[in-house]
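# Structural characterization, general
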Amino acid sequence: MYDEALKILKHYWGYSSFRTPQQEIISSVLEGKDTIALLPTGGGKSICFQVPALLKEGVCIVISPLVALMQDQVSNLNDKGIKATIIPSGSSQDDIITLFDNIKFGRTKFLYLSPERLQSRFIQEKIKQLHVNLIAIDEAHCISEWGHDFRPSYQNIKILKELQPETNIIALTATATNKVINDIIASLAIESSQVFKKSFYRENLAYQIFKTDDKLGKLRKIFTKTKAPAIVYVNSRAKTKEISAYLNANNFKSSFYHGGLTALEKKIAFDNWMSEKTPIIVATNAFGMGIDKPNVRVVIHLNLPSSIENYIQEAGRGGRNGNKAFSVVLTNESDIKLSKELLKKSLPTIDDIKIVHQKLYQHFQIAKGELIETSFNFNLLEFSNKYKLAPNKTYNALQILNSNGIIELNNNFNQKSTVQFIVSSNQVLLHYKQNSTSKNFIQSLLRLYGGIFETQIKIDEFYIAKKTGVTSWFVIQELERMAENGFIEYNKATNDSELFFLHPREDDRTINNVSKSIKVYLAQKEQKIKDLIFFIKNNIICRSQQLLSYFDEDFSTECGICDVCLNKNNKISITTNEIISLLKERKEATVEEMSVLLNQKEANILILLRELLSEEKISSSNNKYFLI
């Protein structure tokens, strides 16, 4: 069976061998054992259930928390020639019957479901009728109240055991403490499961935390030295654009990425980064799904991440090729204070959640006791502005309502633009006969998409651009121009969300039913940021040792390459008197200037500056230090 697994791996993924411990996990699954796989980011979790499912007759049911994540995996499998499907939002009962018939008779190998979808009695009955060869629970840490993305609906997944009692389960996650693993075992009732846990230790990844008041200067310095691909994480959409513009102005090629971009804009930014047309990408934590670029040299956090779990996943995107890589956090005291304030501003209370919930019904004019089963087009900013709500806190309230099964919110639901010609092709070509570029573009469009005169056809602007040898912006401009001239109907992919109400309107009563779970979640969020700040401030214990300890791993050897280890090995060869002499001579200087003039690392200069500041011998303004 192992040889067959290798053939599948080679045929579909192009690899000639499994990574440690993929082979052991796959063997456990093929032996029919319930299995828990804890593999850090980039460890190849999906292969652990996809390969054995392909070796067995029947369909694999995959439970996943995010619609976008499911769509991405389904798309990747279909591109490889593997039949995979997802139940589209808003599917009618007839649609679902057709889909399950296709699964049964069309040799579909993977059915992706959200935990909320699984609660449908109708879907449960349809699952009973399938030949299910494996149940895969992705992001299994969501089961536990102690996981960093707890979702109450995940605790109902065990229904699959009742529907398919002979089928074994594999639960997969990138980040979980022992407490979370025990919760997964208990919730799924898989007490005799095999647990495979790959160490979080990355010998080639240097965790370095720099305290600096001049983050942009430090960023510039890093990219002057490092020319390899990089990711810069920031905490807001506006900052992605702002920091990317700053880097480009300083002759560093970068692009930006955040959840508010259209599907097309995300694809362009991602592809430019992957091809290294823009080797640096500035992003929010929305940039994470499906990233498998092996040669990322540096991952920089310009703002603090929201938890240690998020940090280790984001940092772990560096150095996947085994070469030395750096995880750099740029921070300062005001940054830490700001993180605490942002948490307070962004984390809703139970009362805040009740208000958002009630306003949703008001926004869509739904009466008490009424349940509308069709979807609504939802724009977060429009909603927030209408009811004078803080967008960030409102977004988090909506996510809590979504994870507790009160609403279903699918971001960027209309991920494809549509086009239909409303006049004949001859009329269009006649109009553009003097413009050969436009004429060639239209002819290419007609070749690429059949039936474009009869109905609205889904198109991909980026694909059209690639096939016609023009830019995607040119494609969009041409389509918009043709629409203005009345030749086509062009519906550009929207950035709105699709919202479903899952319960009749009962206002506060609905929230009261899940308030206990919500309170636990909110308390956990506060604890996560406290744990992170403790890690950032702890400059005594090796960074790798701290991270491994957090995930209940024993590791007695220091890494030797983090900022803590390097500072221990780096003796400060100057005194505060030399800094005072320098400031007497120059009047004022930045940390960067002092570092060059005194031939010392900035970290050493900062240690001495803190001492002089506490003694009130110097002061600072605009990142410059001077004598008092």
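Residues numbered from 1 in each chain as written. Predicted model: local features only at pLDDT ≥ 70, side-chain atom pairs only at ≥ 80, totals over all residues. Heavy atoms only, no water.

The subject of this paragraph is the pairing of strand β2 (residues 59-63). Within β2, 5 of the 5 residues are buried, which leaves the element mostly enclosed by the surrounding structure. In terms of strand pairing, β2 meets strand β4 (residues 110-113) through 4 bridges, oriented parallel. When the sheet's bridge partners are listed, I61 is paired in β4 with L111. (Buried < 20%, exposed > 50% of the residue type's maximum accessible area, 1.4 Å probe, protein only. Helix = DSSP H or I, 4+ residues; strand = E, 2+ residues; numbered from the N terminus. Pairing = 2+ DSSP bridges.)

A surface patch of positive charge is lined by K340, K344, K530 and K537. Contributions of two or more residues to the positive patch are made by α13 (333-346) and α22 (515-537). Mapped onto the elements, K537 comes out in helix α22. (Patch = residues over 30% accessible without salt bridge, like charges linked within 9 Å, V, L, I, M, F, W, Y side chains within 5 Å. Areas by Shrake-Rupley, 256 points an atom, 1.4 Å probe, with all protein chains shown as cover. Salt bridge = Lys/Arg side-chain N within 4 Å of Asp/Glu carboxyl O. Lys, Arg positive; Asp, Glu negative; His and termini not counted. Charge placed at Lys NZ, Arg CZ, Asp CG, Glu CD.)

This part covers the sheet that holds strand β12 (residues 298-301). Two pairing modes exist for strands in a sheet, parallel and antiparallel, and in both the strands are linked by backbone hydrogen bonds. Pairing in this open sheet of 6 strands is parallel, and the strands run β8-β13-β12-β9-β11-β10 from one edge to the other. Where the open sheet ends on each side, the last strands, each with one partner, are β8 (205-211) and β10 (254-257). Averaged over all pairs of adjacent strands, the angle between strand axes in this sheet comes to 20°, irrespective of strand direction. Bridge count for β8 against strand β13 (residues 325-331) is 7 bridges, and the pairing is parallel. The residue bridging A206 from the neighbouring strand is F326, located in β13. Here helix α10 (residues 237-249) sits on the sheet in contact with β10 and β11 (280-283), set at roughly 180° to β10. (Axes fitted to C-alpha atoms, helices over the stretch in contact; angles between N-to-C directions. Contact = heavy atoms within 4.5 Å.)

Moving on, we get to the domain arrangement of the protein. Parsing the protein into structural domains produces domain 1 (1-197), domain 2 (205-331), domain 3 (342-414 + 496-525), domain 4 (418-491) and domain 5 (572-627). Of note, the centres of domain 3 and domain 5, computed from C-alpha atoms alone, are 51 Å apart. (Domains from an automatic or database assignment.)

Applying the stated criterion to the full structure yields 0 disulfides. Looking at C559, it has no disulfide partner, and the nearest cysteine sulfur is the one in C542, 3.6 Å off. Taking the relative accessible area as the measure of exposure, C559 reaches 14% and is therefore buried. The thiol of C565 is not disulfide-bonded; the next cysteine sulfur, from C562, is found 3.6 Å away. (Disulfide = S-S within 2.5 Å.)

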